[in-house]
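For reference, the chains in residue letters:
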Amino acid sequence: MIWRVLATLLAHYRRHPGQLAMLLLGLWVASALWSSVQAVNATAKDSYARANALFSAEVDQLTRRDGQSLTRDDYLTLRRAGLPVSPMLEGTLEIGEERLTLIGIDPLTLPNDNALGGNGDALTAFLTPPWQTQLAPETIDVLGLSRRQAPGATPTVDNNQRLPPLTLRPELPPNTLVMDIAAAAALLDSDNTLSQLVTAPGALTQPPDGYRLSRAATLASPEQLTDSFHLNLTALALLSLVVGLFIVQAALGLAMEQRLTTLRTLRALGVPAFTLTMAILLELLVFGLVGSALGLASGIWLAGQLLPDVATTLSSLYQADVQRSLVLPWHYWVGSLVITLGGLLLAGSGVLWRAARLEILALGQSQAWRLGYQRQLKRMTQGGAVVAVIAVGLALWLSRLPSGQGVLVSFGFVAALLLGSALCLPPLINGVLRLLQRLLHRRPLAHWAVADIQLQLPRLSLAMMALLIALATNLGVSSMVGGFRLTFLDWLDQRLAAPLYINASPSTLTPMLDWLDAQPDVDETLPTARGSVDLLAEKNARGKETTRERIALFGITPAPTITNRWPLLDTQTGRSAAWSALSARSVFINEQMAVAKQLAPGDVVTLETPQGAMPFEIAAVYPDYGNPRQQILMPTDVLVQRFGGDIASIGLVVNESADRQALRQALADNFDVSPDALVDQQEIKRLATQIFERTFTITRALNGLTLGVAALALFATLLAQARERQRQLASLWALGVPRKTLTQLPLYQLGGLVLLTGVMAIPLGIAITWTLVAIINVAAFGWRLPLYLFPWDIFITLLTALGVALAAAALPSIQLWRSSPQAMLNKGVV
Amino acid sequence: MLVLHQVHKTFSTPQGELPVLNGIDLTLDQGESLALMGESGSGKSTLLHLAAGLDVPDQGHISIEGQRLSSLEEPARARLRRQHLGLVFQQFHLVPSLNVIDNLRLQARLAQREDAEWTAHLLARLGLAGREEYFPEQLSGGQQQRLAIGRALAVRPSLLLADEPTGNLDEQSADTVLALLLELVAETRCALLMVTHSARVAAPLNRLVRLHLGRLEDPRP
Ligand SMILES: Nc1ncnc2c1ncn2[C@@H]1O[C@H](COP(=O)(O)OP(=O)(O)OP(=O)(O)O)[C@@H](O)[C@H]1O
Ligand SMILES: [Mg+2]
């Protein structure tokens, strides 16, 4: 019997394919966007896990204090001194266009058991000629081999050497080759040098004389750095899931309502309530499976499209390597299915509940239903009030958190804000309509139009709520991105003061400085430097705290060309005072460090120098967008002389008549650099802007899709109602209202409704922007942005929503225009 | 067949208690037909719904084929309805998404008692042959009425409960539909309880009762 009932229920969709399409669309969208973001996240997680399986994140590293590179002699000296160090050699191999990272290790001395090398026979094979090349299966493609040919193959690389026989190790990161250090040294032609000397974490309490020790823990793993990035993606995906489920709920509710008579008839004809409920549940499951299958398929496709951009973002922003092909573990599939089906059941629970408690006799049903909606509105108001109280509570909590914390709380706040406003929207609209009805009672047609839209409200309210959420988020996110863009471009202009830059290795740049100074065409050289230092203590308004933490150092040349433009966020007594302080013995810190350590100008940091611990006053805080790490700024010469830093690049100011091409050639002739080592400021800006745009590609894509989905929800809801609307309009026509008026009425009705929703979305969107720029970004990335609003964008977004509503509203009007209203009156008989 | 004993029913409305039925006693035997009359709002439909087990009385009891409705659980009551009752509603309550033939055999199929020959016979007798693929909205009022009757009879019920089956029709069509209904009832030898406003419609039936102020009275002394 249940199948018969199911068939009867499904027959409804054969006659109303639009509703079926809307239902599947909702499910599809919900599951597609969610599963695509989860696919991206799962792939990134997999990459991080594999990167961690390598050593760098989990071992302590030794470097020479004098800045020279490590050699085998260092290794021998330290081993002779009885220290448990292990040598490591790292380099790149070029194969055609691709670059592979080659890592040479000594598995016998390597501290932790990272399963490389192996043991027994495998270890022997790894350690002795012809050696082994261990690599992840994905890397085989780069070598131009098939998986079957790969094991044991010895492909040739660009310098005409052959790799040792290949062995597959799925746990390795992609594009990485691991082999014995002897084999690696031969391939890389590295003579005597080593890249790193590593020891087990904590094995050395003190660095040996002449060496510097970086602790494993101070090198944040890519997973920690990118956590908030993935959290942001997940939040957006969750949003589209919710919007999708709104559509599903609207579609289910509509189908339920239109089938109420059928359901009652079935019950009257002797179908038990339980069977009926089960049939509806079965129907839901069937749709759920179809919807999730569609969603998963397109989600994976979408993830494949987005992944390259995400991978570029992650590597340019966090230096985290993410492979560019998807990796989907089994729990990804199960998780996506469970989320979609769970969401569907949640959205369908109302329908199931109604079916289970269906009154067979429903005399005066529409009246009761209207009363029911009034009750529902009351509950919505109460629910909205409760959620609003929660939002205020979260806001209070946030305001008491130190800045740079509370990503989850702020997402909770945004969610509460959205949900609360969505819940309050239908009661608000209802109130406005009541007021209008009172005002318009002398104008019958307008009065009818308001009363009519009030009757439609129960069905439209879900779509309106979805639209409100999507509009507000869209406004919020797009003004955040837009504001960031403005700030970032400005900042880039200020930071790139010199028209030309030379990038090369420190050993090339240092002698180059003198040569450049001697060139008549060169007016000014502005070297920058990099290094790192142990932070021993920090003293802020709340007291002194001792730590030991490795912090990056950055050096700039405080010449007027730079100091006139270099952006500063906060100083103690003004810009010029700050710059003179820097040339004396103060430092600047970047915003990320100021936020993380709650430091401000005037506070003091104690750094370890070769002369021992020394305090430095902080003179200013500067913005450092795009950098995930904390940084201390000082003059280049101080960094090089006192902290063993290296020249990282040279900014050049050349005179007007200078021949840049000749300079480029002269550089290439005199030094070991390629002609493109000299880059134009414009070129750097172009690259940085490009990276910036890519960073927000996925945000923009998800954002746009969510708004599109909400528009579709509205469109579909209106479409599903089109027939009934025609009937209403037809009866008005029968009463003598001209067709032309009838065509315009729905446009006013819906246009007004959407406009009201849109207007409510604006303050909500601004609140979201504020939370994003002032709290979430600070906590996630360490920088705070000014709040920018873009009235033009707001206007365009409103206009789009309005356009969708009008298009959907026009449909019944057009049909009314085309067919005879009498035919429609007749349709109303059943 | 159908027995009502001291049945009371009161509705509670926002305006207070509304007693509709105040002690109804009624017996209907196999093959018997009974017309139920009374002014609008007197509670005829209410009584019919109680008899069909769609609603429960406040007091008294109702039995069909010797089974007390109050002693049955909801699934058992549903099964009784499916297997033994035919219902024709005042508003036909056809399933708008099913075509004529599927509407016609819906209950029979639910009861797993579909009889293709009988269905075809009904279709022909109801004048709906050739319209199998039509949907209810494409039928005239009379045709819809006939389809509703057909759906109730397709299951060969032992009791047919009809609520003004000719209420929406003009006199002539009403006569035709009524004649057809009575013929079909005779064919299936089921009992018939029919609500009507019209004495003309009530005339051919075996018995007539009038509902007034919540009680049944026999107008023919
Ligand atoms: N669910 C209900 N709640 C409240 N009152 C009800 C309900 N159902 C019926 N009534 C009331 O009970 C009374 C009898 O209704 P019923 O539908 O049985 O009348 P009827 O005799 O069938 O009338 P008609 O000839 O117009 O169809 C009416 O006054 C009606 O308002
Ligand atoms: Mg009635």
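Just so we're clear, the structure is a prediction, and the values are computed from it rather than from any experiment.

## Focus: the overall build of chain A
Here is step 1: A count of helices and strands for chain A gives 24 helices and 20 strands.
Here is step 2: For chain A, contacts bridging at least 24 residues in sequence account for 80% of all contacts bridging at least 6.
Here is step 3: In the form shown here, chain A has an accessible surface area of approximately 36200 Å², with 59% of it arising from carbon and sulfur atoms.

## Digging into the overall build of chain B
Here is step 1: Secondary structure assignment for chain B yields 8 helices and 10 strands.
Here is step 2: In chain B, which comprises 221 residues, the share counted as buried stands at 55%.
Here is step 3: Taking the intrachain contacts of chain B between residues at least 6 apart in sequence as the baseline, contacts between residues at least 24 apart amount to 70%.
Here is step 4: For chain B, the computed accessible surface area is about 9500 Å², with 47% contributed by carbon and sulfur atoms.

## Points about the side chain of D534 of chain A
Residues and elements named next belong to chain A.
Here is step 1: Secondary-structure assignment places D534 in strand β12 (residues 522-540).
Here is step 2: A distance of 2.9 Å separates polar atoms of two side chains, one belonging to D534 and the other to R548.
Here is step 3: In this structure, D534 is in contact with R548, E549, R550, T606, L607 and E608, ignoring residues within four places of it in sequence.

## Brief notes about the sheet that holds strand β3 (residues 33-37) of chain B
Two pairing modes exist for strands in a sheet, parallel and antiparallel, and in both the strands are linked by backbone hydrogen bonds.
Residues and elements named next belong to chain B.
Here is step 1: Taken in spatial order, the 6 strands make up an open sheet running β6-β7-β8-β3-β9-β10, and their pairing is mixed. The open sheet has two edge strands with one neighbour each: β6 (85-88) and β10 (215-217). Each strand axis lies, on average, 20 degrees off the axis of its neighbour in the sheet, ignoring direction.
Here is step 2: As paired elements, strand β7 (residues 159-163) and strand β8 (residues 191-195) share 5 bridges and run parallel to each other. For L161, the partnering residue across the bridge sits in β8 and is L193.
Here is step 3: Taken strand by strand, helix α1 (residues 44-51) contacts β3, β6, β7, β8 and β9 (207-212), and its axis lies near 155 degrees from that of β7.
Here is step 4: Most of the contacts of helix α2 (residues 74-84) go to β6, to which it runs at about 80 degrees, and overall it touches β6 and β7.

## Some points on the interface of chain B and chain A
Frequently, the measure chosen for interface size is the accessible area that the parts lose on association.
Here is step 1: Taken together, the contacts link 26 residues of chain B with 23 residues of chain A.
Here is step 2: Of the roughly 2400 Å² buried between chain B and chain A, counting both surfaces, carbon and sulfur atoms make up 63%.
Here is step 3: The largest share of the area that chain B buries against chain A comes from S97, L110 and E137 of chain B, three residues that together contribute 26% of it.
Here is step 4: Across the chain B-chain A interface, the total number found is 0 salt bridges.
Here is step 5: Counting the contacts that link chain B with chain A gives 3 residue pairs in polar contact (both at pLDDT 80 or more).

## A word on the site of ligand 1
Here is step 1: In the vicinity of ligand 1 there are 15 residues, among which S40, G41, K44, S45 and T46 of chain B approach most closely.
Here is step 2: Those chains with residues close to ligand 1 are chains A and B.
Here is step 3: The separation between an oxygen atom of ligand 1 and a polar main-chain atom of S42 of chain B is 3.3 Å.
Here is step 4: Take S45 of chain B: an N or O atom from its side chain is 2.7 Å from an oxygen atom of ligand 1.
Here is step 5: Within the complex, 71% of the 630 Å² of free accessible area of ligand 1 lies under protein.
Here is step 6: Looking at the shell around ligand 1, the elements with two or more residues in it are β1 (2-13), β2 (16-28) and α1 of chain B.
Here is step 7: Ranked by residue count, the leading element in the shell around ligand 1 is α1 of chain B, at 3 residues.
Here is step 8: Tallied by class, the residues present in the shell around ligand 1 amount to 4 nonpolar, 9 polar and 2 charged.

## What about the pattern of salt bridges?
Here is step 1: Taken as a whole and judged by the stated rule, the model has 19 salt bridges over all chains.
Here is step 2: For E608 of chain A, the salt bridge identified is with R548 of chain A, shortest N-O distance 3.5 Å. Separated by 60 residues along the polypeptide, E608 of chain A in strand β16 (residues 604-609) and R548 of chain A in strand β13 (residues 543-556) bring together distant segments of the chain.
Here is step 3: Take E608 of chain A: its relative accessible area is 25%, and that puts it in the partly exposed class.
Here is step 4: Between R109 of chain B and D102 of chain B there is a salt bridge whose closest N-O contact spans 4.0 Å.

## Topic: the nonpolar core
Here is step 1: One finds W566 and F588 of chain A to be the most contacted residues of the largest nonpolar core, which totals 161 residues.
Here is step 2: Counting residues per element, this core draws most heavily on helix α13 (residues 444-495) of chain A, which supplies 22 residues.
Here is step 3: Apart from residues no more than four positions distant in its own chain, W566 of chain A is found in contact with Q494, R495, F554, I556, R575, W579, Y622 and L633 of chain A.
Here is step 4: Core analysis: the next-biggest nonpolar cluster, separate from the first, contains 38 residues, L139, A162, V177 and C190 of chain B among them.

## Observations regarding the confidence of the model for chain A
All names here are of chain A.
Here is step 1: Considering every residue of chain A, the mean pLDDT works out to 80; 88% of them sit at 70 or more.
Here is step 2: For the stretch residues 363-367, pLDDT sits under 50, and the model shows 2 contacts to residues farther than four places along the chain or on other chains.
Here is step 3: Scored below 50 in pLDDT, residues 826-830 shows 7 contacts in the model against residues more than four places distant or in partner chains.

## What to know about the environment of D29 of chain B
Residues and elements named next belong to chain B.
Here is step 1: With respect to the helices, strands and loops of the structure, D29 is situated in the loop between β2 and β3.
Here is step 2: A residue is classified by how much of its surface remains accessible, and D29, at 44% relative accessible area, is partly exposed.
Here is step 3: When the C-alpha atoms of D29 and M1 are compared, they prove to be 5.1 Å apart, with 28 residues separating the residues in sequence.

## Considerations on the packing of helix α6 (residues 141-153) of chain B against helix α7 (residues 171-188) of chain B
All names here are of chain B.
Here is step 1: Axis separation between α6 and α7 bottoms out at 11 Å; the angle between their running directions is 10 degrees. In terms of their interaxial angle, α6 and α7 are classed as roughly parallel. Facing Q145, R146, I149 and L153 of α6, the residues of α7 in contact are V177, L180, L181, L184 and T188.
Here is step 2: Its residues placed into classes, the contact of α6 with α7 shows 6 nonpolar, 2 polar and 1 charged.

## Considerations on the sheet that holds strand β5 (residues 67-68) of chain B
All names here are of chain B.
Here is step 1: Spatially, 4 strands are ordered β2-β1-β4-β5 in an open sheet, and the strand pairing comes out antiparallel. Either end of the sheet is taken by a strand with one partner, and the two such strands are β2 and β5.
Here is step 2: Sheet analysis places β1 next to strand β4 (residues 59-64), joined by 5 bridges and oriented antiparallel. Following the sheet pairing, V3 is matched in β4 by S63.

## What to know about the packing of aromatic side chains
Ring pairs (aromatic) are described by centroid distance and by the angle formed between their planes.
Here is step 1: Scanning the model with the defined rule gives 9 aromatic pairs over all chains in all.
Here is step 2: Pairing F484 of chain A with F488 of chain A gives two aromatic rings, centres 6.1 Å apart and planes at 75 degrees, and the pair type is edge-to-face. Here the residue F484 of chain A and the residue F488 of chain A both occupy positions in helix α13, the gap between them amounting to 4 residues, near one helical turn. Across this residue pair, the class does not change: F484 of chain A and F488 of chain A are buried.
Here is step 3: Every member of this aromatic cluster is reached through a ring pair, and the members are F484, F488 and W491 of chain A.
Here is step 4: In this structure, R15 of chain A packs its charged tip against the face of F135 of chain B, placed 3.5 Å from the ring centre.
Here is step 5: The ring of F616 of chain A has R585 of chain A lying over it, and the distance from NZ or CZ to the ring centre is 4.8 Å.

## Examining α2 of chain B
Here is step 1: Taken as a whole, α2 of chain B has its buried residues at R77, A78, L80, R81, R82 and Q83 of chain B.
Here is step 2: Buried-residue contacts for α2 of chain B involve α8 (260-268) of chain A together with β4, β5, β6 and α4 (106-110) of chain B.

## As for a nonpolar patch on the surface
Here is step 1: On the surface, L428, V432, L435, L436 and L439 of chain A cluster together into a nonpolar patch covering about 430 Å² of accessible area.
Here is step 2: Here L439 of chain A shows up in helix α12 (residues 407-439).

## Some details on helix α14 (residues 506-517) of chain A
An α-helical turn contains 3.6 residues, so a residue and the one three or four places further along point in the same direction.
Here is step 1: Between its first and last C-alpha atoms α14 of chain A spans 17 Å; for 12 residues at 1.5 Å apiece the expected length is 16 Å, and the two agree.
Here is step 2: If you follow the buried residues of α14 of chain A, they end up packed against β11 (500-503), β12, β19 (646-654) and α19 (660-670) of chain A.

## Structural notes on the packing of α14 of chain A against α19 of chain A
Each pair of packed helices can be described by the angle between their axes along with the distance between the axes.
All names here are of chain A.
Here is step 1: Their axes nearest at 12 Å, the elements α14 and α19 cross at an angle of 135 degrees. Relative to α19, the element α14 lies oblique. Between α14 and α19 lies a crossing of right-handed hand. Side by side, α14 and α19 meet where M512, W515 and L516 of the first sit next to L663, A666, L667 and N670 of the second.
Here is step 2: A breakdown of the residues in the contact of α14 with α19 according to their chemical character gives 6 nonpolar, 1 polar and no charged.

## Comments concerning the confidence of the model for chain B
Here is step 1: Here chain B shows a mean pLDDT of 88. Residues at 70 or above account for 99%.
Here is step 2: Of the two predicted TM-score estimates for the complex, the pTM is 0.68 and the ipTM is 0.76.

## Concerning unusual backbone geometry
Glycine aside, residues mostly have negative phi angles, and peptide bonds mostly take the trans form.
Here is step 1: With a phi angle near 50 degrees, Q598 of chain A is a residue other than glycine that sits in the positive phi range.
Here is step 2: With a relative accessible area of 30%, Q598 of chain A lands in the partly exposed category.
Here is step 3: Residues other than glycine seldom take positive phi values, yet Q112 of chain B does so here, at roughly 55 degrees.
Here is step 4: Taking relative accessible area as the criterion, Q112 of chain B reaches 64% and is therefore assigned exposed.

What counts, and at which threshold
- Residues numbered from 1 in each chain as written.
- Chains lettered and ligands numbered in written order.
- Predicted model: local features only at pLDDT ≥ 70, side-chain atom pairs only at ≥ 80, totals over all residues.
- Heavy atoms only, no water.
- Helix = DSSP H or I, 4+ residues; strand = E, 2+ residues; numbered from the N terminus.
- Contact = heavy atoms within 4.5 Å.
- Areas by Shrake-Rupley, 256 points an atom, 1.4 Å probe, with all protein chains shown as cover.
- Buried < 20%, exposed > 50% of the residue type's maximum accessible area, 1.4 Å probe, protein only.
- Polar contact = N/O pair within 3.5 Å; in protein donor to acceptor, adjacent residues only side chain to side chain.
- Pairing = 2+ DSSP bridges.
- Axes fitted to C-alpha atoms, helices over the stretch in contact; angles between N-to-C directions.
- Buried area = accessible area lost by both parts, 1.4 Å probe.
- Salt bridge = Lys/Arg side-chain N within 4 Å of Asp/Glu carboxyl O.
- Near = heavy atom within 4 Å.
- Nonpolar A, V, L, I, M, F, W, Y, C, P; charged D, E, K, R; others polar.
- Core = buried A, V, L, I, M, F, W, Y, C linked by side-chain atoms within 4.5 Å.
- pLDDT = per-residue confidence, 0-100.
- Parallel < 35°, antiparallel > 145°, perpendicular 65-115°, else oblique.
- Phe/Tyr/Trp six-rings, centres within 6.5 Å; stacked < 30°, edge-to-face > 60°.
- Lys NZ or Arg CZ within 6 Å of the ring centre and 35° of its normal.
- Patch = residues over 30% accessible without salt bridge, like charges linked within 9 Å, V, L, I, M, F, W, Y side chains within 5 Å.
- Expected span 1.5 Å × (residues − 1).
- Left-handed = near helix turned anticlockwise from the far one by under 90°.

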